[in-house]
Structures are given as structure tokens and as C-alpha cells.
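Here's the letter readout for the chains.
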Amino acid sequence: MKRKLTAKALILPLLIAFLVLLPLLGAAVIGEHRYARTHPKYLHHFWQRLLGEEDAQTSLMDDGGIPAATSTGRMNILVMGKDRAAGLTDVMMIASLDTERYEVQLLQIPRDTYAAYTGADYKKINGAYAKLGGEGTRSFLAQNMGIDLDHYVVVDLDVLGEMVDMMGGVRMNVPADMDYDDPDQNLHIHLKAGEQVLDGEMAQMFVRFRSGYALADVGRMDAQKLFLSSLAKGAKQNLNVAQTVNLVCRCFGKIKTDMGLDDCISCAKALRRVELSDMHMTTLPGASARTGGKSGAWYYILNRDATATLLEQSMGGKRAAFDPKEVFTNRQKAAFDEIYRASAETCKSRDYTAEGTLDGELDIRRVS
């Protein structure tokens, strides 16, 4: 029996649309597909398939089996949110979609993660895209993390504001006052604590704020978990199918990806069955250290054993050795290497679900 796509069925794809996972619903392939850019009929045809208006053999809503995205029934995608002004990817994560168990794991990569992708002094992972490009960054992480990364996606962060405004805002409880000014970046953040509805501009302020978190950039990513969960709740309450389609069509042109149409359809078919309790979010385990001890630039250093274990558990089993060339540490910097080689027990990261985050399980600590 053929079922129509309901607004509720699109909640998780829309949720993942936050910042960088929009293409999993289909927008990414259209954004990069030259034929679609110049042929509106192709775009209309895609949405016909997405909304189940064709026969059961080709419709997204076919009740038949969902095809595995890969031979393992899992698709892993590197997603990056780019700051248009600086060209840095300050949001980076690996999205692992299990198309058989209908689960999603989002593994957040701290923007300050040390990675020797270049011979230059600046080795924070958020500069890899500017140096290597999308495919190069995907290949670098796949090879050195010992994992399968099937695709990459890049989107400008300012897309977020447009999405939130189209939703009519996002209701959430801002955990504390947020005040920050950086005239050089024309960045001005001023939000009051408490429950409120964030419009697009305010939402960008919230996700970009990074001052005053006890855990620095890790705290910022925890705040993004909170926003992501609130966005999901708002989408469930406020968006119907037509509004969702309109949102995606307006944003697709700003996305870059190597995904194909069949990949997007496979993802969308699986995502519609994922519950918020089965959407997991985890920060790659590690700790921060400075290049010069008490001075110098801050870096986030991955813990080798804890990260290898997390990747194996989250991405469908072990693929290859983690970091065989040791690009995620620097032996000449004792503080870096100490974190990298420490016991996994010292650097564990907690797994959160979108549902649990909304229930108050996430404690975002601030500097007292």
C-alpha cells in the first residue's frame, strides 16, 4: 500500500538540515546537479518522487524494502558548515546513517582539532577545506581515521537564518546570557537567558557564540546539540510538507556535495523512519592544549584509543587502523602527545539523543 509523506515523516530530514545535513533530504544533489540548476522540470520530477506521486516501484514512499545506501546498509557523510567571511569550516561532523536499523549518529569534530593536513603552521581542522577542498578533506579524514566516508557536503552557515525564519522561529530555552562583540568580524551577539523564540538572526548568534563556555569549543558544540533538538521540536509542530519543500528549494543552491540522486533518495527513505530517540550526537573525545604551554594557540587533541573505539562503535564496525601516520598529534609538543596517548578512560565523550537533550540531560557549563 502506498502512503503519502506527512509532515511528521519529514521532521528528521529537516532536523538534519540544520547547518549541513540538508542534502540528505535531497537538496544537496540538486544544488550541485547542473542539469537540475537549469531545468525546473527535473526539480519538479525529484519532488514528485519525494512526495510519492509516481508508481510504487520508483516512489520514495513505496512500502517495499529500503535499499541499503552501501553494501553494509550504512552511509557515512562528512558535513561541513562554512563561514563565508573567513572560509573556515567551523562546523564539522560525520553523519552515519544506518539504513537497516533506522538510526543516525552525528559525530562532531571540534573546529580546533589538530590535524597535520598541511606543512603550514596552522593545523586546525577547520582550515582543511580551504586547503584541500571538499573531496580532499573527505579523503584525508577517511584515510587517517580508518573509516569509510562515502560523501561530503558543504554549506554556508548563513543558510541557517533563512531556514529558521521560514519556520517562523525556533522556541528554546537559552541557558545563559550571551554577550560578545568582535568588530573585526562584524560579529555582535546579544541574547538573554530564558525561554524565547529565536528568529534567524538570533539563531545564528546562538550557534556562533563560543565565549564563556567552561569546555571552550566543546561547550559550543553542546549548545549546538541543544539548538538542533529545539529545531526538531519546532519543525514537528510548525511545518507541513509544502513548507518543507519550499524551504529546501530555497536553500539548495548554496550547498556543495558529491552525492547522487539515488543516494539522496536512499537516505530520505531511511531518515523518515528514524525517531528522535534514535538520533545520537557525540563529540569526538579528546582535550585542549596550547602550542606553547601557558601561551600560544589552543588546539583540541583527539585521544587515540577513545576516538578509535567511538568510531568503531558508531560506524558499523572497524574498517582500518585509526591514525596510522599519527597526523592527529605532534610528538614534539609534549602536551599534545600526552592527551593523544592517554588512557581512553580519561577522555570519554557522552552520547546524547535529541530526545534526551530536550528532556534536560545536557548540562552546558559556563565559566563562573
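Because the structure is predicted, anything quoted here is derived from the model rather than measured.

Parameters and conventions
- Counting of residues starts from 1 at the beginning of each chain's written sequence and follows it residue by residue.
- Local features are withheld for residues below a pLDDT of 70 in this predicted model, meaning they are given only at 70 or higher, and side-chain atom pairs are given and counted only at 80 or more; totals for whole chains, interfaces and linings count all residues.
- Calculated side-chain values reflect all of the structure's heavy atoms, with hydrogen atoms and water omitted.
- Cavity: a set of points on a 1 Å grid over the protein atoms alone where a 1.4 Å probe fits but cannot get out. Pocket: an open set with protein on both sides within 12 Å along at least five of seven lines, its lining residues, like those of a cavity, having an atom within 4 Å of a point.
- Grid points are joined across faces, edges and corners, and a volume is the space filled by probe spheres set on the points.
- Each residue is assigned to one of three groups, with Ala, Val, Leu, Ile, Met, Phe, Trp, Tyr, Cys and Pro labelled nonpolar, Asp, Glu, Lys and Arg labelled charged, and all others, Gly among them, labelled polar.
- Take a side-chain nitrogen of Lys or Arg and a carboxyl oxygen of Asp or Glu: if they are within 4 Å of each other, that pair is a salt bridge.
- For each residue, the accessible area found with a 1.4 Å probe, counting protein chains only, is set against the maximum for its type, and the residue is called buried under 20%, exposed over 50%, and partly exposed in between.
- Helix and strand assignments follow DSSP, with helices taken as H or I runs no shorter than four residues and strands as E runs no shorter than two, numbered in order from the N terminus.
- Arc, as used here, means the arc of the directions from the helix axis to the C-beta atoms.
- What makes two residues a contact is simply this: any of their non-hydrogen atoms within 4.5 Å.
- N or O atoms within 3.5 Å of each other form a polar contact, as long as, within protein, one can give a hydrogen and the other can take it, and as long as residues adjacent in sequence are counted only when both atoms are side-chain atoms.
- At least two DSSP bridges between two strands are required for those strands to pair.
- Angles here are taken between N-to-C directions and fall from 0 to 180 degrees, while the axes themselves are lines fitted to C-alpha atoms, restricted in helices to the stretch in contact.
- pLDDT measures the predictor's confidence residue by residue and takes values from 0 up to 100.
- To qualify as a nonpolar core, a set must consist of buried Ala, Val, Leu, Ile, Met, Phe, Trp, Tyr and Cys residues joined through side-chain atoms within 4.5 Å.
- For classification purposes, an angle smaller than 35 degrees is called roughly parallel, one larger than 145 roughly antiparallel, one from 65 to 115 roughly perpendicular, and anything else oblique.
- Note on convention: near helix rotated counterclockwise from far helix by under a right angle means a left-handed crossing. Clockwise means right-handed.

## What to know about the layout of surface pockets
- Taken as a whole, the largest pocket encloses approximately 520 Å³ of empty space.
- Contributing to the lining of the largest pocket are 21 residues, with Asp83, Asp90, Gln185, Leu187 and Arg208 lying nearest its centre.
- The residue makeup of the lining of the largest pocket, split by class, is 8 nonpolar, 2 polar and 11 charged.

## Here we look at the pattern of salt bridges
- Scanning the model with the defined rule gives 16 salt bridges in all.
- Salt bridges linked by common partners bring Asp90, Arg111, Asp112 and Lys124 together as one network.

## Some points on helix H11 (residues 304-314)
- Along H11, the residues classified as buried are Ala306, Thr307, Leu310, Leu311 and Ser314. End-on view of H11: buried residues confined to an arc of 130 degrees, all on one side of the axis.
- The secondary structure elements touched by the buried residues of H11 are strand S1 (74-82), strand S2 (91-98), strand S3 (103-108), helix H5 (128-145), strand S10 (279-283) and strand S12 (295-302).
- By the N-cap criterion, in which a side-chain oxygen at the helix start approaches the backbone nitrogen of a residue two or three places on, H11 is capped by Asn303, the distance to Asp305 being 3.4 Å.
- Of the residues flanking the end of H11, it is Gly316, one or two places downstream, whose phi is positive at about 80 degrees.

## Brief notes about the side chain of Asp323
- Positionally, Asp323 belongs in the loop between H11 and helix H12 (334-341).
- Of note is the side chain of Asp323, whose polar atom sits 2.6 Å from the side chain of Tyr340.
- Once residues lying within four places of it in the same chain are set aside, the contact partners of Asp323 are Asn144, Phe328 and Tyr340.

## Details of the sheet that holds strand S4 (residues 151-156)
- An order of S9-S4-S1-S2-S3-S10-S13 is seen for the 7 strands of this open sheet, with the pairing classed as mixed. A strand with exactly one partner marks an edge of an open sheet, and here the two such strands are strand S9 (255-257) and strand S13 (352-353).
- Here S1 runs beside S2; their pairing, made up of 8 bridges, is antiparallel. By the bridge assignment, Val79 is partnered in S2 with Met93.
- Against the sheet, H5 makes contact with S1, S2, S4 and S9, and its axis sits at roughly 145 degrees relative to S1, the strand it touches most.

## Points about the pairing of S10
- Of all 5 residues making up S10, 5 are buried, and the element is well covered by its neighbours.
- The two faces of S10 match: Met279, Met281 and Thr283 on one face and His280 and Thr282 on the other face are all buried.
- Note: S10 against S13, 2 bridges, orientation antiparallel. Residue pairing for S13: His280 is matched across the bridge by Thr353.

## Side note on helix H7 (residues 200-208)
- Of all the residues in H7, the buried ones are Gly200, Ala203, Met205, Phe206 and Val207.
- Capping the start of H7, Asp199 holds a side-chain oxygen 3.2 Å from the backbone nitrogen of Glu201, two or three residues further along.

## Section: the confidence of the model for the protein
- The share of residues in the protein with pLDDT of 70 or more is 71%, and the mean pLDDT across the chain is 78.
- Scored below 50 in pLDDT, residues 18-41 makes 76 contacts in the model with residues more than four places away or belonging to other chains.
- Taken together, the stretch residues 52-69 has pLDDT below 50 and engages in 51 contacts with residues farther than four places along the chain or on a different chain.

## Observations concerning the nonpolar core
- Counting 37 residues, the largest nonpolar core has Leu78, Ile94, Ile125, Leu141, Met145 and Phe328 as its most contacted members.
- Mapped by element, the contributors of at least two residues to this core are S1, S2, H5, S4, helix H8 (217-238), S12, H11 and H12.
- When neighbours within four sequence positions are excluded, Met145 is seen to be in contact with Ile94, Leu284, Leu302, Leu311, Ala321, Phe322 and Phe328.

## A closer look at the environment of Phe206
- By the element assignment, Phe206 lies in helix H7.
- The class for Phe206 is buried, based on a relative accessible area of 1%.
- A sequence separation of 14 residues divides Phe206 from Arg220, and the C-alpha atoms of the two residues are 9.1 Å apart.

## So, the packing of helix H6 (residues 159-167) against H7
- Between H6 and H7, the shortest axis-to-axis distance is 7 Å and the interhelical angle comes to 135 degrees. As the angle between them shows, H6 and H7 are arranged oblique. Crossing hand, H6 versus H7: right-handed. Facing Leu160, Gly161, Val164 and Asp165 of H6, the residues of H7 in contact are Gly200, Ala203, Gln204 and Val207.
- Its residues placed into classes, the contact of H6 with H7 shows 4 nonpolar, 3 polar and 1 charged.

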